[in-house]
Amino acid sequence: GITIETYEPKPEPKPKKTLAPTERGFEQSVEVNIGLDDDATYLIVGANYTAGYRFNNYIFAGGGAGLNFLNDNGSAIIPVYANVRGYFMRTRLKPFASLSIGTDIVMYNLDNIRQSEYWAYLHLATNVGASYRLTDKVESQISLGYRCVCGGHHFITVNIGFTF
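The following refers to the structure shown. Everything numeric in this text was worked out from a predicted model, so none of it was measured.

**With respect to the side chain of Ser29**
By secondary structure assignment, the location of Ser29 is in strand β1 (residues 25-37). By relative accessible area, Ser29 is classed as buried at 9%.

This is how it looks when you write it as structure tokens:
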């Protein structure tokens, strides 16, 4: 007898949904932050915007500004800074560290605008955290940071934001 074999191809597995590699180019982020100073006297709350260039999967450099408030006599702080961020992995969840250096323009006594004073201090902030890639263009991020403000206040901050 003659034997006839039939061939049925195996169905191909569904391709995994993968994200495109991180592209070089312009990148921006918005984050909100809250922090408590080292002796638990002052609270700082604010938002920052940073824009710059992503050189590759590991390095970002840019600059930014923000608006922050202290719970003293109505002080507002406008940080203006340069920022460098390093990512440690090329995965969807990326740990990072960042450093910001610049100036804090502090407006004291905003409760009585006629007697307000304006000063500039060194802005120094470091953060360590993680960024989670939501889509090809958007990442969420959370970090824990240290920030020096107003010529002597030292804050531990929590920062939450988005990069796009």
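Next comes the rest of the account.
**Notes on the pairing of strand β2 (residues 43-54)**
Pairing of β1 with β2, which is carried by 12 bridges, proceeds in the antiparallel orientation. Residue Asn33 lies in a different strand from β2, and its bridge partner there is Gly46. Where β1 folds back onto β2 in an antiparallel hairpin, the turn is made up of 5 residues, including Ala40, whose phi is positive at roughly 60°. In this structure, β2 lies alongside strand β3 (residues 59-70), joined through 11 bridges in antiparallel fashion.

**Structural notes on the pairing of strand β6 (residues 117-133)**
Sheet analysis places strand β5 (residues 93-108) next to β6, joined by 16 bridges and oriented antiparallel. Pairing of Ser100 across the sheet is with Ala125, part of β6. Where β6 and strand β7 (residues 139-149) come together, 10 bridges link them in antiparallel fashion. From the neighbouring strand, Ala130 faces β7, where its bridge partner is Ile142.

**Regarding the packing of aromatic side chains**
Going through the model one piece at a time under the given rule, you end up with 2 aromatic pairs. Geometrically, the ring pair formed by Tyr53 and Phe55 is edge-to-face, given 4.9 Å between the ring centres and 65° between the ring planes. Just above the ring of Phe96 sits the side chain of Arg85; from NZ or CZ to the centre is 4.3 Å. Against the face of Tyr87 rests Lys94, its NZ or CZ located 5.8 Å from the ring centre.

**Concerning the environment of Ala125**
In this structure, Ala125 sits in strand β6. Take Ala125: its relative accessible area is 10%, and that puts it in the buried class. For the pair formed by Ala125 and Asn83, sequence separation is 42 residues and the distance between their alpha carbons is 9.2 Å. With sequence-adjacent residues up to four places away left out, Ala125 is seen in contact with Ser98, Leu99, Ser100, Tyr146 and Arg147.

Parameters at a glance
- Residues numbered from 1 in each chain as written.
- Predicted model: local features only at pLDDT ≥ 70, side-chain atom pairs only at ≥ 80, totals over all residues.
- Heavy atoms only, no water.
- Helix = DSSP H or I, 4+ residues; strand = E, 2+ residues; numbered from the N terminus.
- Buried < 20%, exposed > 50% of the residue type's maximum accessible area, 1.4 Å probe, protein only.
- Pairing = 2+ DSSP bridges.
- Phe/Tyr/Trp six-rings, centres within 6.5 Å; stacked < 30°, edge-to-face > 60°.
- Lys NZ or Arg CZ within 6 Å of the ring centre and 35° of its normal.
- Contact = heavy atoms within 4.5 Å.

Read these as layout, nothing more, since geometry by itself doesn't imply function.
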